[in-house]
Each structure stands twice: as structure tokens, then as C-alpha cells.
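Coordinate inspection notes
Residues per chain are reported as follows:
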Amino acid sequence: MFQIVLTLDNMNPNVRRVEYAVRGAIVQRAGQIEKELKEGVKKPFTEVIKANIGDAHAMGQKPISFLRQVLALCSYPELLEDNKFPEDAKHRARRILEACGGHSIGAYSASQGIECVRQDVARYIEKRDGGIPSNPDNIYLSTGASDAIVTMLKLLVCGEGRDRTGVMISIPQYPLYSAALADLGAVQISYYLDEDKCWSLDVAELKRAVDAARQHCNPRVLCIINPGNPTGQVQSRQCIEDVIRFAKEEHLFLMADEVYQDNVYAEGCKFHSFKKVLFEMGPAYSSTVEMASFHSTSKCYMGECGFRGGYMEVINMDPEVKAQLTKLVSVRLCPPVPGQALLDLVVNPPQPDEPSYNTFMKERTAVLAALAEKARLTEQIFNEVPGVTCNPVQGAMYTFPRIALPQKAIDKAKEEGQVPDMFYCMRLLEEEGICLVPGSGFGQREGTFHFRMTILPPTEKLKIVLQKISDFHVRFTQEFS
Amino acid sequence: MSSLQLVNPRVRGIRRSPHSGLQSLAAHITQEITQGAQKPFKEVIDVSSGDPHKAGVKPISFVRQVLAVCLHPQLMKNKTLPLDVRLRAQRLLEVCDGGSVGSYTASSGMPHVKQSIAEFIMRRDAGVPSHAEDIFISAGSQRALMVVVKLLASGEGETQTGVLTPRPCPHTLPPLLDEAGVTLVPYQLMEDRGWAVDLDELHRALKTTRGRCEPRAIYISNPGNPTGHVQDRKSIEEVIRFAAAERLLLLVDEVYQDSVYGQEKEFISYKRVLFEMDKEYSETVQLVSFHSISSACMGECGLRAGYMEQVNMDPEVTQFVDTMLCTDISTPVTGQLALDLMVNPPKPGDPSYDTYTQEILLTLATLSQNAQRVQEFLKDLPGMSCQPAMGGIYLYPCLHLPSEIIEKAKKLEVEADVLYCQMLLEEEGVFLGAGCQYDGTTGNHHLRLSILVPPDTLQEVLDRLGSFHRRLVRDKLPRPDGGVKDRDMGENVRLFSTAGTFPMN
């Protein structure tokens, strides 16, 4: 017999360290349970509710009609003859197809993305940011925001030992960041968000983290997710200014993950784009601070995760570094063209004088209103449960409540070789068929426990889920007291 | 400001593909035309890379109809769409979370599609078993290849992982290997034998790795990209035995398996050959094969979906494949659905079957006829010759260049074939790929020409190419003492051949 070539021992050591909690052990168990249910195994529930991943359509949210009409026209242009499609949809489809090689969405595009889409994205950004100019050359379309985020991290990580690039990321964070940093062998510099102050960001904490980090690495990048994932906090304008000032002082490259920019619910909260604030701080900042901001078609009101559409805008990047970025993205050929087309529609939606406008606005408003209501409901119900503390869900799509776990439960978890909040979530899954992600997957202060739940199930179902989790928590607490 | 010094050295080390320079030039010229510049041609024709739709080949109707209905399910009520289209869309939407193509899927791909792929492989390989859990779907086969190579990659300097790579290879491959952090170890394919793989050459290449890197994999494409060579069973067995003996993971790119047109040639998969060998091979040799919807018949490059099948891989390692794919979250759903349609097309009796079959046959006929036409055309062109291709979508002609071009290229510090392609672009608006693997001993340069283009387009390309090439040869002919204008073309060719090659470092 010939020897096995590729084994656990000789595979890439960096890859061995990569974990991605959103799809980890608990999701695998959820999948198994679903299988068992299909095979007729009796359980205390009839379906598994997957409130672990931010996938709106999977939870029943309907696509926006206009977007799908245009995409169908792009896929099968013969439908342009069909008078059931509105003129504005046809117009956009024709424009997109014109920009595609051979007028087909099946042709490769330029690796930076279809030019007219980048132009439209730039115009959208200008409009959103009160006229601050955006250059299409600084726009890179990507396969979801994840692709662009990983690309930037890849670009910026260098050095050995004490000079190794350090990347600042919040605790809690969306685990794509920690996974990418592990894969790249970069140093993760954690800064804690303040749970007692609604998960807000404190520059003093940033300073503490970066100073400590300078002992053992070279901090060069600061990542911030706004609105936050998993916490949902929407940063105030003042906070954003403080962060920008901090980045300038510490010579950090800012990565602003803004994929939830349309998902803002709480009164008094508003989305401020990092770029807009940067430019409003004057040329001392706007011409020096290096930044990349990220957006995607997976969230907001569209929820089109399956298309993998996204972009990043890079600001003040050294031209030689930018040339390397352009080279790097060309290795992966191009982002999926349907995703690029979809992005074009998102940044170029129906206007008030167009036939699809009313329906479009109605659908969009309904989605965002439902999310806002669910955010409010979630906070209310969880805060009624003793032992569960839930910060307001100001934005994004998740709640990240803190759960008090009895010492006996913590001990039992240890016995079973599980992290306590994983133990909790696994029990919840087995007893109620609800799949959440334990807080340990996102990071949390030592000694605290959380879970992340999406607020995406339809309102009636969400009410049931909230009730079941509440009841479970009380039961669990009693069992281990 | 972050400077070049602070860019990841791995990224800095990614070689620039000469193709991207030519691509920029082509885009630039196109823009000039749009802005009203006067050129001797109306538009740039791009036949440099495998993008059939861009070149004007139409998508498969069934695929696009099903996707349209999946995107906009209201179309289910549209009776002008064939019944099998609507039924298939319905079935596919049933296996999408929330009944929408806008949901994420499992990171390694939709179970339904993976199952379709496994069944396709079994049918293709005369019953050799294939399992959905060994199939991993990704955004294009390139992504799958990157994941596997990254999994393999370790070490630095002398201990850096090496991957044996054919020469010529797809122009996208070297930058991919650079990004993954592995050493490219070239093995020369044998041009005079139709670009066949040579065992002695494999051994020679392996020897060169001693003290330079740790070879751990061998990459090969079959049908060959860009050579068009189709391996027979004996050749495949040879490569498998070599990989087994030398402990190399087999990475086999079979994306053009659907385009074998050579007479008496047939595609046979590496997996099938492996399973029909002795148990000591079939149960242990580690093999990963790749396929995608960027294939000849589908041409759906822009939808970005492909898959790999892992054979005899350690499950503890395979779980990391899944972890790595997790960071992509999932492959674009429209691409995954197109994969399903590719491996599970209309059957005899289905309403769409006839149209579907016609479209596939047309593609294959186009390839075959175009290949023949180009071969005949090249025979008449001084300094050009081409090995017959049997499959794939390219021809890879060999080019002897006039000495003046070679000298000019040296001065400009570009490869002579790149200069040729640049001049062809500027003077005639035809974009061919440059081989960029100059062979000092033979004086050969190469060009890469995609033949999956509508016949009219090909004719236009050949007319312009012919015109350019003859002008080039005529104009650049070194003149001894005059009277050159009536010099016979044939004599010129002999002159270049006997003049031999020019020493190029």
C-alpha cells in the first residue's frame, strides 16, 4: 500500500487553527437532528429553527420583486419581449447586459468588477454621504463582503516575530475575522465593547489594547463593525470621530464593516458612514487616514445572501499598495456576475417617477419595519426572564443577551469537556430544536456567557421561539441550582 | 501611509501574469474606440481566454430558462416556458432554504446538487462509486484548487511545498500557486508528440526539487489546457503510478471533459482509471479532480461555480476543507443550480431535450470545425505550426518569430510572443494569448487561441491575423542587398529556420 500523502500532521499548520463558530459543532448537530426528524424519529419538536445564521430568506423573508425581475431578465433575455415585466426593470436589465461580455451574465467580468456597476456604486456612495466624491477606481466589487475583508487582511499582514502585523478587532466579533487572522498567522488584538453601556466602543479601551499589543507585535489595522455583529450597536457620530482620530494617532489602517447600514431600528440611532465622518473632519484626516469600507447584498432589506454580492471602497491607499491589491484580486478571476448585477440594482433602485417605485418602497419598508418590531420584541421578552440581560438591538439582525449560568451547570459543562455556553446551547437544541450560537464563538469577557440569536424568523414564530428560550432558561437554571 | 514594504510579501511575490498586461491594453483600445478614436478595425475581438459567451457563443437555453424561473418564481405560471423547465425550477426551489435562491447553502454545497454530481460521476465512470460527501462545491474550480493547495502548503525556503506543474499550463495557475505559498516545479509537455506527458521528464523535474523544495503534489489538466491534448488510459496510468511511487497528491483539472472532438479520442477520468487499477493503487492513491460550469458546453464562467471530488483523502483533513469553505460562507446559488443542470440535463422525451441536444452538438461541431479551419490556415502562414488538438477549447500554435521582433522584444524587456500579441492588438484589434514559455533550444514561442467562438468571428480573426502576420514577416525580413520584395515566402521560412535561434537569456 502506498503511503497517504496528506495527513493531519503534515497539513498547513495555520489552517488547522481555523474555526468558524457560526457553522461549527452546534450547526452540525442541528443538521443531524433535522435528518433524524425526516427519518421519523420522535422529538419534543417538529422542526429545527436555525436562528444561528443571518439568513433572512431561509427564515421566510420574501425577496424584493423588482430585484428578481431584473435578474430573471438578465438570465434569459428573451423575456424582454414579455409585457408582464415593467419597463424600468427591462431598462436596467438591458443596461447590465450591455456591460457584460457578449451580453451574457455568463461571461467573466473584469476582476475589479463591471465598470458601470462600479460607477453606480460610486454614485450611490456620493449620494449617501451628502456629495462627498467617490472614485469608481477605488471601488472593488467582491464575492460578498467576506471576500473583500479577507483580501484586505491578506494584503496587510506581514513581518515576523515582534514585527508581525497586529489586527484590532472587537470582542465580541463576527468570527470571520478571527478565522481569517488565524489562517493568515496574524496577531489578533482584542478590544472589548462595553456591555454595560449598550456595547459601545471606548477609545480608552482601544488605547489599552494597542499599547499592550505593541509589546509583542506591530499593530497596523483596526477593524470595526458598524452596525455591530453580534451586538447590534450603532455607533454614535462622536464615537466614529474618536475612532478615526485614534486610528490617525496610532497609524492604523481602518477597516469599516458596514454591511448592516440599512438595518438601524432604535430611536435616536443613525448610521454614519466612516467615510462621511472622515471627510467632515477636514483634510488633516481625510487626506491621510487610510481606510476600507465594506458593504454587501446579503443583509439590509434585500437579504440576498445566496448571490454573494458586495464591494469595498478604499480611501487614501498608497498607489503601489493599490496596484498590489488589484493584482491580488485578479487571481480569483472575478466576482459572480449575478451578484454584481444585483448590487447594481441595490445602488440604483427604482426612482419615484418609475413604474416599480411604489411596490419597491412598500416591500422595502415592510421588511425593515418587521425587523424593527422584532428587535424591540426580542429585547422586551428577554429582559423579562430572570438571569437573561438583553441590550437593546439598535441595529443589524441579532441579539446577544448575557445569560447567568449556575455554578453547577458550569461544572457539568467542564465535566463533559464543553464550554459552558456551548453546553447550554446544545441542551436548548436537543430540548427545543432551536439552534443558536454560543457566545464563546464570538468572544466575551471572562466569566460571562452569552448566545447570539437572529431576529429573523417571522414575527409569530419569533414570539414562540422567544417564549421557548425563556422557558428553557428558567428550567435550566432550576435544574442546576 | 502604508507602503509597499508593508504589503504581505506573499502578495508581493505573486507574479504578474503577462495576460493582464495584454488585457489592459485590449480594454484601453476598446475605450479609445468608444470615445471615437479612429482605428483600422471596429472592435477588439478577444480570443485569448476561455470565455465562450464573451466571444459570442450563446448559453444553453434550458439552463437560462430554469435559472430565470428560480430567480423569479412568478414565471412558473408562464406557459411559454417548457414544462420540464418549470418542473425542474420547482424541484430546485424546494431544496433551497426558504424556497429562495437568496439563502446561504451549506458551505460545501447544496446536498441535492452534490448528490446529482455524485450520480453524474457514477454514470460517467461506468459505475465507479461516488459519494456526495466527497464532493465540495466552490465558487469556480479555481477556488477549490486554492483550498486544496493551501491545505497542502507548509514550510519555507527548502522545505516549502512544491507542486509539479505542466509547461504549458493555464495562465491563471502560476499566480494561484504563488498566492498559496507553494513552489511551482515545471515539467515540460512534449510538443512533438501532441503535448503528451513524458515519464522521464516527470522524473527529471522531480530531481530538480532536491534541496529546493518539498514536492507534494502534481497538477495536470486533461483535456490539456491550453494544449488540447487528451490522455489515453496508458498515459493516465503512468501518471498515477508516478504520483503513487513519489508520494504526490494528484490534482487533476478535468474542466474540459465535455469537449473531446478528436477522432477516436475519448475522455476517461483519472478516477475511473485509478479504480480500474490494482487495489494497492485504487485504495490509497490520493486524488482530487476538478470540474466547473466554465466548461466548453456550459461556458457559464460568470456564474462562478465548480466542484472537486476527493478520492482516498483522510477524513480528518477533509473536515478542514469544509472549514476553509466556511469563510466563503457558500457558493453562489445560481452557480450551484447551474451545476445541477449541467450534470443532470434534459433526458430523451423531455420537452427541452431536442433543443438542448442541438445546442450541445452545435458547440462540439463548432469546436471541431474551427480546430480544423485554424490548422489549415496556420499551415499557410510562414513561421507558424500547430499540434493537432483533440479536446478542450484552445489551440496552441508554435511561432517562429523574425529576428527583428526578437531583438525589439529584448530591448523592451518583454517576451517576444507578448510583443507579437501587443502589436496584433494595436494593428488589428485581435487579442490572442501569449504562451510566455520561450524554449531556447527550439526557438519556439507560442500563442493561445480560443476556438470556442462563432465561425464568423473566427473567420474575422483569421483574416486579421493573416494580414498582420504576413505584413510582419514581410516587413521585418532582414534585407541582405535588396531585391527582397520578390523573395518567395517559402524561402523566408527556411531562412528563419536555418538562421537558427537567437541566444536569449
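Everything quoted here is computed from the prediction, not taken from an experiment.

Cut-offs and rules
Once a new chain begins, its residue numbering starts again from 1 and follows that chain's sequence as written. The order in which chains are written sets their letters, starting at A; the order in which ligands are written sets their numbers, starting at 1. Given that this is a predicted model, residues contribute local features only at a pLDDT of at least 70 and side-chain atom pairs are listed and counted only at 80 or more, while totals for whole chains, interfaces and linings are drawn from all residues. Only heavy atoms go into the side-chain values, all of them from the structure, while hydrogens and water stay out. In DSSP terms, a helix is any run of H or I states spanning at least four residues, a strand is any run of E spanning at least two, and both are numbered starting from the N terminus. Atoms counted for the radius of gyration: C-alpha only. Globule rule: 2.2 Å times the number of residues to the power 0.38. Relative accessibility under 20% of the residue-type maximum defines a buried residue, over 50% an exposed one, and the middle range a partly exposed one, all with a 1.4 Å probe and only protein chains included. Note on contacts: a residue pair is in contact if any heavy atoms of the two residues lie within 4.5 Å. Only the protein chains shown count as cover for residues, and all accessible areas are computed by the Shrake-Rupley method using a 1.4 Å probe. Counting rule applied: Lys, Arg positive; Asp, Glu negative; His and chain ends not counted. Working definition for charges: the position is that of NZ of Lys, CZ of Arg, CG of Asp or CD of Glu. Take a side-chain nitrogen of Lys or Arg and a carboxyl oxygen of Asp or Glu: if they are within 4 Å of each other, that pair is a salt bridge. For the purposes of this section, nonpolar cores are sets of buried Ala, Val, Leu, Ile, Met, Phe, Trp, Tyr and Cys residues that join through side-chain atoms within 4.5 Å. The criterion for an aromatic pair is that two Phe, Tyr or Trp rings (for Trp, the six-membered ring) have centres within 6.5 Å, with stacked assigned to planes under 30 degrees apart, edge-to-face to planes over 60 apart and tilted to the rest. Here, axes are lines fitted to C-alpha atoms. For helices the fit covers the stretch in contact, and angles between N-to-C directions go from 0 to 180 degrees. Roughly parallel here means an angle under 35 degrees, roughly antiparallel means over 145, roughly perpendicular means 65 to 115, and every remaining angle is called oblique. Each residue gets one of three labels, nonpolar for Ala, Val, Leu, Ile, Met, Phe, Trp, Tyr, Cys and Pro, charged for Asp, Glu, Lys and Arg, and polar for the others, Gly among them. Any two strands are treated as partners once DSSP identifies two or more bridges connecting them. By the criterion used throughout, a crossover qualifies as right-handed when its path from the first strand across the helix to the second strand runs clockwise, the strands pointing away from the viewer. Accessible area, probed at 1.4 Å, shrinks when two parts are joined; the buried area is that loss added up over both. Any N or O atom pair separated by 3.5 Å or less is treated as a polar contact, with the protein-specific requirement of one donor-capable and one acceptor-capable atom, and with residues adjacent in sequence counted only for side-chain atom pairs. Take the number of residues in a helix, subtract one, and multiply by 1.5 Å to get its expected span. Residue-level confidence of the predictor, termed pLDDT, takes values from 0 up to 100. When the sulfur atoms of two cysteines come within 2.5 Å, that pair is taken as a disulfide.

Structural notes on the overall build of chain A
Scanning chain A for helices and strands turns up 17 helices and 14 strands. Compactness check: chain A gives a C-alpha radius of gyration of 23 Å against a globular reference of 23 Å for 481 residues, within 12% of the reference. Overall, chain A is about 70 × 65 × 60 Å in size when its C-alpha atoms are taken along their principal axes. The buried share among the 481 residues of chain A stands at 63%. Partitioning the intrachain contacts of chain A with sequence separation of at least 6 by distance along the chain shows that 72% fall at a separation of at least 24. Accessible surface for chain A amounts to roughly 17800 Å². Of this, 51% is attributable to carbon and sulfur atoms.

A few points about the overall build of chain B
A count of helical and extended segments in chain B gives 19 helices and 14 strands. Over its C-alpha atoms chain B spans a radius of gyration of 24 Å, differing by no more than 12% from the 23 Å that the globule rule assigns to 505 residues. On the principal axes, the C-alpha backbone points of chain B span a range of 80 × 60 × 60 Å. By the burial criterion, 61% of the 505 residues in chain B qualify as buried. Here the analysis covers contacts within chain B between residues at least 6 apart in sequence; of these, 72% occur between residues at least 24 apart. When the accessible surface of chain B is totalled, it reaches about 19800 Å², and 49% of it is carbon and sulfur. Each charge class in chain B was averaged separately, 51 positive and 63 negative side chains, and the resulting centres sit 3 Å apart.

Quick look at the pattern of salt bridges
Residues and elements named next belong to chain A. Summed over all chains, the structure comprises 53 salt bridges over all chains. Salt-bridge contacts for D262 lead to R364; the nearest nitrogen and oxygen are separated by 3.7 Å. Taken as a pair, D262 in the loop between β6 (253-257) and α10 (274-280) and R364 in helix α14 (residues 357-383) lie far apart in primary sequence, 102 residues in all. One salt bridge connects R376 with E373, and the closest N-O pair in it is separated by 2.9 Å. Of this pair, R376 and E373 are both found in helix α14, three residues apart, which corresponds to roughly one turn of the helix. Exposure remark for R376: the relative accessible area of 40% places this residue in the partly exposed category. Within the structure, one salt-bridge network assembled from shared partners comprises R237, E241, D242, R245, K276 and E280.

Brief notes about the nonpolar core
In summary, soluble globular proteins display a tendency toward joint burial of nonpolar side chains. Counting 174 residues, the largest nonpolar core has M152 of chain A together with L249 and L251 of chain B as the members making the most contacts within it. Excluding residues that lie within four positions of it along the chain, L249 of chain B makes contacts with V5 and L6 of chain A together with V148, L152, R216, A217, I218, Q286, L287, V288 and M313 of chain B. With 54 residues, the next largest nonpolar core counts I45, V57, I393 and V430 of chain B among its residues.

Comments concerning the packing of aromatic side chains
Scanning all chains against the criterion turns up 15 aromatic pairs over all chains. Seen from their ring centres, W195 of chain B and Y396 of chain B are 5.5 Å apart, and the 70 degrees between their planes marks the pair as edge-to-face. Here the residue W195 of chain B occupies a position in the loop between β4 (183-188) and α9 (199-207), and Y396 of chain B occupies one in the loop between β10 (394-395) and β11 (398-399), the gap between them amounting to 201 residues. On the basis of relative accessible area, W195 of chain B is assigned to the buried category, the value being 2%. An aromatic cluster is built from F382, F423, Y424, F451, F472, F476 and F480 of chain A, whose rings are joined through pairwise contacts.

So, the packing of helix α16 (residues 403-412) of chain B against helix α17 (residues 416-428) of chain B
Residues and elements named next belong to chain B. At a closest axis distance of 8 Å, the pairing of α16 and α17 adopts a crossing angle of 100 degrees. Taken together, α16 and α17 sit at an angle that is classed as roughly perpendicular. Of the residues in α17, those touching α16 at I405, I406, K408, A409 and L412 are A416, L419 and M423. The class makeup of the residues in the contact of α16 with α17 is seven nonpolar, no polar and one charged.

Quick look at the pairing of β4 of chain B
All names here are of chain B. Inspection of the sheet shows strand β3 (residues 161-167) paired to β4 by six bridges, in the parallel sense. Directly across from V163, in β4, lies its bridge partner L184. As for the winding sense of the linkage, the β-α-β connection from β3 through helix α8 (residues 173-180) to β4 is right-handed.

Some points on the interface of chain B and chain A
Many descriptions give the size of an interface as the accessible area lost when the pieces come together. On the chain A side, the residues contacting the 86 residues of chain B number 78 residues. Taken together, both faces of the contact between chain B and chain A bury some 7000 Å²; the carbon and sulfur share is 59%. Between chain B and chain A we count two salt bridges in total. At the junction of chain B with chain A, the criterion picks out 36 residue pairs in polar contact (both at pLDDT 80 or more). Considering each element in turn, the side of chain B that touches chain A owes the most residues, seven residues, to helix α4 (residues 61-71) of chain B. Classifying every residue of the side of chain B that touches chain A gives 38 nonpolar, 30 polar and 18 charged.

Considering unusual backbone geometry
Residue and element names in this part refer to chain A. In this model, N226 is joined to P227 through a cis peptide bond whose omega is -5 degrees. Although it is not a glycine, W199 adopts a positive phi angle of roughly 65 degrees. By secondary structure assignment, the location of W199 is in the loop between β4 (187-192) and α8 (203-213). We classify W199 as buried; its relative accessible area is 4%.

Thoughts on the sheet that holds β4 of chain B
Residues and elements named next belong to chain B. Overall, mixed pairing links the seven strands, which are arranged β2-β8-β7-β6-β5-β3-β4 in an open sheet. At either margin of the open sheet sits one strand with a lone partner, and together these are β2 (135-138) and β4. The average angle at which neighbouring strand axes cross in this sheet is 25 degrees, direction not considered. Running at roughly 120 degrees to β2, helix α6 (residues 111-124) makes contact with β2, β7 (287-292) and β8 (306-311) of the sheet.

As for helix α15 (residues 353-379) of chain B
Every α-helix carries 3.6 residues per turn, so stepping three or four residues along brings you back to the same face. All names here are of chain B. Between the first and last C-alpha of α15 there are 39 Å, a value that for 27 residues agrees with the 39 Å anticipated at 1.5 Å per step. Every buried residue belonging to α15 is among Y356, I360, T363, T366, L367, N370, A371, V374, Q375, F377 and L378, and all of these are buried. Buried residues along α15 sit in contact with β9 (384-385), β10, β14 (445-450) and α18 (455-475).

Here we look at the side chain of S49 of chain B
Residue and element names in this part refer to chain B. As for its placement among the helices and strands, S49 is situated in the loop between β1 (45-46) and α3 (52-55). In this structure S49 comes out as buried when scored by relative accessible area, which is 17%. Residue contacts for S49: discarding those within four places in its chain leaves H19, H171, Y394 and S450.

Remarks on the confidence of the model for chain B
With 93% of its residues at a pLDDT of at least 70, chain B reaches an overall mean of 91. For residues 478-505 of chain B, every residue scores under 50 in pLDDT, and the model assigns this stretch 32 contacts once sequence neighbours within four places are set aside.

Comments concerning the sheet that holds strand β3 (residues 165-171) of chain A
Residue and element names in this part refer to chain A. The seven strands are arranged β2-β8-β7-β6-β5-β3-β4 in an open sheet whose pairing can be described as mixed. At either end of the open sheet lies a strand with only one pairing partner, and these are β2 (139-143) and β4. Averaged over all adjacent pairs, the angle separating strand axes in this sheet is 25 degrees, with direction ignored. Across the sheet, helix α7 (residues 176-184) lies against β3, β4, β5 (218-225) and β6, angled at about 160 degrees from β3, the strand it touches most.

Details of helix α2 (residues 18-34) of chain B
Residue and element names in this part refer to chain B. Given a rise of 1.5 Å per residue, 17 residues ought to cover 24 Å, and the 25 Å separating the end C-alpha atoms of α2 matches this to within 8%. Next to the buried residues of α2 lie α17, β12 (430-431), β13 (433-434) and β14. With its phi angle positive at about 100 degrees, G36 sits one or two positions after the end of α2.

Looking at the environment of Y256 of chain B
With respect to the helices and strands, the residue Y256 of chain B is situated in the loop between β6 (249-253) and α11 (270-275). Separated by 129 residues in the primary sequence, Y256 of chain B and S385 of chain B place their C-alpha atoms 23 Å from one another.

Topic: the state of the cysteines
The term disulfide refers to a covalent linkage connecting the sulfur atoms of a pair of cysteines. Residues and elements named next belong to chain A. Taken as a whole and judged by the stated rule, the model has zero disulfides over all chains. With no disulfide of its own, C223 lies 13 Å from the sulfur of C217, the closest cysteine sulfur. Relative accessible area serves as the criterion here: at 0%, C223 is assigned to the buried category.

So, the side chain of S108 of chain B
Within the fold, S108 of chain B resides in the loop between α5 (83-94) and α6. Excluding anything up to four places from it in sequence, S108 of chain B contacts K114, I135, F136, I137, D322 and L325 of chain B.

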